[in-house]
Amino acid sequence: MIKNKLGLILSIIIISAIILALILFCKDYSRNKIAKYQPSTENEEASSESTEALGLDEEVAKEDEAEDVDENLKSQMEKQYSHLLVEYDENGNYYDEVGFDKTLTIYKWGADATSLYAYLENGDADILAAHEADDVYDETIYFLSKAWDIYDRASAKAIINKTLLYGHQLSFKEYLDDEDVRKAVKAIKKDYGKDFSFADAKKINETYFKEHGISTRYFYKVKATACAYVRFGEEGLKGYDYLRLMRVIALSYECGYLTSEETYQLLYNIENELQQNYESFQEIHECYYYGEMFRMKTKTDQATITINDIEDAIDEMVTKRYYQKIEKRYGREINLEVEDK
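Residues numbered from 1 in each chain as written. Predicted model: local features only at pLDDT ≥ 70, side-chain atom pairs only at ≥ 80, totals over all residues. Heavy atoms only, no water.

Points about the overall build of the chain
Within the chain, the regular secondary structure consists of 16 helices and zero strands. Burial statistics for the chain: of 341 residues in total, 52% are counted as buried. Look at the contacts in the chain between residues 6 or more apart in sequence, and 79% of them connect residues 24 or more apart. Accessible surface, the chain: about 16700 Å² in total, of which carbon and sulfur atoms supply 48%. (Helix = DSSP H or I, 4+ residues; strand = E, 2+ residues; numbered from the N terminus. Buried < 20%, exposed > 50% of the residue type's maximum accessible area, 1.4 Å probe, protein only. Contact = heavy atoms within 4.5 Å. Areas by Shrake-Rupley, 256 points an atom, 1.4 Å probe, with all protein chains shown as cover.)

A few points about the packing of helix α5 (residues 137–148) against helix α12 (residues 238–254)
Packing of α5 against α12 leaves a shortest axis separation of 10 Å and a crossing angle of 130 degrees. Relative to α12, the element α5 lies oblique. Helix-helix and strand crossings are classified by hand; for α5 and α12 the assignment is left-handed. Residues Tyr137, Thr140, Phe143, Leu144 and Trp148 of α5 pack against Arg244, Arg247, Val248, Leu251, Ser252 and Glu254 of α12. Per-class residue counts for the contact of α5 with α12 are six nonpolar, two polar and three charged. (Axes fitted to C-alpha atoms, helices over the stretch in contact; angles between N-to-C directions. Parallel < 35°, antiparallel > 145°, perpendicular 65-115°, else oblique. Left-handed = near helix turned anticlockwise from the far one by under 90°. Nonpolar A, V, L, I, M, F, W, Y, C, P; charged D, E, K, R; others polar.)

With respect to the packing of aromatic side chains
Evaluation of the coordinates by the stated rule reveals 17 aromatic pairs. Taken together, the ring pairs connect Phe100, Tyr107, Tyr253 and Tyr264 into an aromatic cluster. In this structure, Lys221 packs its charged tip against the face of Tyr175, placed 4.3 Å from the ring centre. Its guanidinium or amino end placed over the ring of Tyr117, Arg247 lies 3.7 Å from that ring's centre, counting from NZ or CZ. (Phe/Tyr/Trp six-rings, centres within 6.5 Å; stacked < 30°, edge-to-face > 60°. Lys NZ or Arg CZ within 6 Å of the ring centre and 35° of its normal.)

So, the pattern of salt bridges
Across all of its chains, the model carries 16 salt bridges by this definition. The residue Glu90 makes a salt bridge to Lys157 at a minimum N-O spacing of 2.9 Å. In this pair, Glu90 is assigned in the loop between α2 (71–81) and α3 (105–113) and Lys157 in helix α6 (residues 153–165), connecting sequence segments 67 residues apart. Two residues, Glu286 and Arg231, come together in a salt bridge whose shortest N-O distance is 2.8 Å. (Salt bridge = Lys/Arg side-chain N within 4 Å of Asp/Glu carboxyl O.)

Quick notes on unusual backbone geometry
For residues other than glycine, phi is negative in most cases, and the peptide bonds are mostly trans. Positive phi, close to 55 degrees, is recorded for Asn122, a residue that is not glycine. Its place among the elements puts Asn122 in the loop between α4 (115–121) and α5. With relative accessibility at 71%, the residue Asn122 sits in the exposed group. Its identity as a non-glycine residue notwithstanding, Lys297 has a phi of 65 degrees, on the positive side. One can find Lys297 in the loop between α14 (281–296) and α15 (301–319).

Regarding helix α8 (residues 179–192)
Over its 14 residues, α8 extends 20 Å from the first C-alpha to the last, a length consistent with the 20 Å expected when each residue adds 1.5 Å. Of all the positions in α8, only Asp180, Val181, Ala184, Val185, Ala187 and Ile188 are classed as buried. Down the axis of α8, the sector holding all buried residues measures 165 degrees, keeping them to one side. In α8, the exposed positions that point more than 90 degrees away from the buried face belong to Lys186 and Lys190. For α8, the secondary structure elements touched by its buried residues are α7 (167–175), α10 (206–211) and α11 (219–232). The N-capping residue of α8, defined by a side-chain oxygen 3.0 Å from the backbone nitrogen of Asp180, is Asp178. Backbone geometry just downstream of α8 places Gly193 in the positive-phi region, at approximately 65 degrees. (Expected span 1.5 Å × (residues − 1). Arc of directions from axis to C-beta. Polar contact = N/O pair within 3.5 Å; in protein donor to acceptor, adjacent residues only side chain to side chain.)

A few points about the environment of Ala226
As for its placement among the helices and strands, Ala226 is situated in helix α11. Taking the C-alpha atoms as reference points, Ala226 and Ala187, separated by 39 residues in sequence, lie 9.6 Å from one another. Excluding anything up to four places from it in sequence, Ala226 contacts Val181, Ala184, Val185 and Ile188.

Considerations on a negative patch on the surface
Side chains of Asp70, Glu71, Glu78 and Asp177 sit close together on the surface and give a patch of like negative charge. Summarising the element assignment, Glu78 is placed in helix α2. Judged by relative accessible area, Glu78 falls into the partly exposed class, the value being 32%. (Patch = residues over 30% accessible without salt bridge, like charges linked within 9 Å, V, L, I, M, F, W, Y side chains within 5 Å. Lys, Arg positive; Asp, Glu negative; His and termini not counted. Charge placed at Lys NZ, Arg CZ, Asp CG, Glu CD.)

In short, shape yes, function no, at least from these values alone.
Written out as structure tokens, the structure is:
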């Protein structure tokens, strides 16, 4: 009798241990199945440590806060971009099982804009943000908290507003006064003129810098600033900030941090802003390329891998004529209510 009881207890312990092991294994597999690229969350220059998140995005809550902010510039940006902010409604309709209306032009345009993530992370180019939170809910919660310091509605609103007004665009504008940046801008304009392109930007290396007396200490940051400025002017990194933000807004909505009305209004504001500042989805993706380069500052092995991956993704989208497929929708009017027929 005692032996039978002991045997039963032992069997229960063994079975429980096996079940626990399977649960832990499944959680680890689920946690890692999406993240092809692992972002650092320590600081801009860190490259060896990584988070298990959805993609390339670095935390913005900490890194976007410059130590010595130009208050006049900050005030100017607040006035310039305040029209992008929305009034948050605490009594609005939060995410439900229905989710996004994928027939809306606002959704389709957003999916086209964020399609770069699909090529970088083996996602779905027809999905806004390249991944749906329902498929990877745990990873989405983890991504927003670790990469963006978003863990509830209040933090989501704060980070979204901050990125809309400042983002990397603030530090980009400040860095335009750097001596090496001015040298690089002058050299690029002299050597390439108005025809300077993304293909030309990819060719600019450390040798080019040395030939023009430009320091290579912060090679990526200087190159990104100069190239983005020559290509897109003082709004050079707006596309980078807003492309990342579109993903954050979509995922925040699907996690229940934003109402549907807030989400669509934010996307509407951002998409129209991008339309006015860039001529194509490819240009927005090029801006993302400069933004990642700007964020990483120095040329490390990991930084170079990341930059090369973005180059390869854009080149693949060109080769596979994906841009030809989506660019016809770029100039289409974006509407909050009317369905795309």
